[in-house]
Amino acid sequence: MSGRRIYLSPPHMGAEERQLLLEAFDSNWISTVGPQVNAFESEFAALLPGTHAAALSSGTAALHLALVLVGVGRDDDVLCSDLTFAASANAIIYQGARPVFIDSDRATWNMDPALLAEELDERSRRGRLPKAVIAVDLYGQCADHDPIVSACARHEVPLIEDAAEALGADYRGRPAGSFGALSVFSFNGNKIITTSGGGMLVSPREDWIARARGLASQARDPVPHYEHSAIGYNYRLSNLLAAIGRAQLRRLADRVARRRAINVFYRAALADLDGIEFMPEAPYGRSTCWLTCLTVDAARFGATAEQIRAHMASLDIEARNVWKPMHLQPVFQGLPIRGGAVSEDLFARGLCLPSGSNLTQDDLDRIVDAFRAVVRRAS
Ligand SMILES: Cc1ncc(COP(=O)(O)O)c(C=O)c1O
């Protein structure tokens, strides 16, 4: 060991987070109602012109409510990015519906819009359109939303944008989260900003967001006694956590700049190594580089991505595999997949490097030294 443990993407807190949290505590609004929640929602919505926002207990809760709001129910099909975190697909199962996975485009690692259009066109001919599409913005980079939005619009299938990993990214000048009928963000501890745990559901439709707030508060009807005409959930964000979120949001531009700078550093520091290819930044937008990811050609590099990960782990540096595709997950075995070879390859050869905005230059040097040592050991 040569110092403290380096995590993949740890929380990055400051004095303002602490101060707003204590103010919220002292105000005694410590549950899921209060001025911090309201302010967090309106400040968040202001980042995405023309949208409204509901603060929730997690990104997963936001995905679940998005599916409820577009009417996904038992035995419906929902098309979903194959290369993602399981939460994207889990929410489909919560509704008793069936995920159908769509492979990635190698140029962006995100959902391949041509495969999505093929799947929708074919299903339209068979009269079996899905009830929704979930397109994920992976590792801080937006999916190619123009063709995705138009394919969905052509078949009148609502798009849910899972922007959990991409707050602060943009696509053709518009922010991540602008493209879905409903869009989802996460403030989980590893995200670019965090509330410890939390999420946001956004939509241009104010009525949907109002309904989401109701559903997230156990769907109580507006009468003095406890009356329920719908099944509700306990999904609201705590006012304490919203206070942290407001302070974090004020730092978002700095956090994006820092993560992008870390990406630039890695690209330069590993540029001379054979067989290393970074996740491409698509020309249509600006990634936050939430995580810096790369693929390893073991024959040229001299070691596999897994050997690099294991060596780093032995030095107390947390690197991670790229998401294991949903169609390879035991829990989703047997579900349909269109394509699949690209996501399988990215999983087999992919690696995510520590990317937290609070990494120091010493940390970064240590990570690069560890990475380069794998080549020396292998040769
Ligand atoms: C793509 C994606 N979707 C959904 C989620 C779920 O968000 P949460 O952890 O806030 O429930 C995450 C991350 O955690 C994610 O990476």
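Whatever comes next refers back to the structure up there.
Residues numbered from 1 in each chain as written. Predicted model: local features only at pLDDT ≥ 70, side-chain atom pairs only at ≥ 80, totals over all residues. Heavy atoms only, no water.

> Please set out unusual backbone geometry residue by residue, giving values where relevant.
Although it is not a glycine, Asn28 sits at a positive phi angle of roughly 70°. Locating Asn28 in the fold gives a position in the loop between helix H1 (15–27) and helix H2 (35–47). Residues other than glycine seldom take positive phi values, yet Ala219 does so here, at roughly 50°. The topology assignment puts Ala219 in the loop between helix H7 (206–215) and helix H8 (239–250). Since its relative accessible area comes to 8%, Ala219 is described here as buried. (Helix = DSSP H or I, 4+ residues; strand = E, 2+ residues; numbered from the N terminus. Buried < 20%, exposed > 50% of the residue type's maximum accessible area, 1.4 Å probe, protein only.)

> Tell me what's going on with the site of the ligand, and back it up with residues and numbers.
In the vicinity of the ligand lie 16 residues, with Gly59, Thr60, Glu165, Ser186 and Lys191 positioned nearest. Measuring from an oxygen atom of the ligand, one finds a side-chain N or O atom of Thr60 at 2.5 Å. In this structure, an oxygen atom belonging to the ligand sits 2.6 Å away from a side-chain N or O atom of Glu165. When the ligand sits alone it has 380 Å² of accessible area, and the protein chains cover 94% of it. Mapping the ligand onto the cavity grids shows that it belongs to the largest pocket. Those elements that provide at least two residues to the shell around the ligand are helix H3 (59–69) and helix H4 (87–94). Residue contributions to the shell around the ligand peak at three residues, all from H3. When grouped by side-chain class, the residues that make up the shell around the ligand number five nonpolar, eight polar and three charged. (Near = heavy atom within 4 Å. Polar contact = N/O pair within 3.5 Å; in protein donor to acceptor, adjacent residues only side chain to side chain. Areas by Shrake-Rupley, 256 points an atom, 1.4 Å probe, with all protein chains shown as cover. 1 Å grid on protein atoms, 1.4 Å probe; cavity = no way out; pocket = protein on both sides within 12 Å on 5 of 7 lines; lining within 4 Å. Sits in = over half its atoms within 2 Å of the grid points. Nonpolar A, V, L, I, M, F, W, Y, C, P; charged D, E, K, R; others polar.)

> Could you give me a rundown of H7, with the residues and numbers involved?
Turning to H7, its buried residues number three or more, namely Trp208, Ile209, Ala212 and Leu215. The buried residues of H7 all sit within an arc of 120° when viewed along its axis, so they share a single face. Its buried side turned inward, H7 meets strand S1 (52–56), H3, strand S8 (182–186) and strand S9 (199–203). (Arc of directions from axis to C-beta. Contact = heavy atoms within 4.5 Å.)

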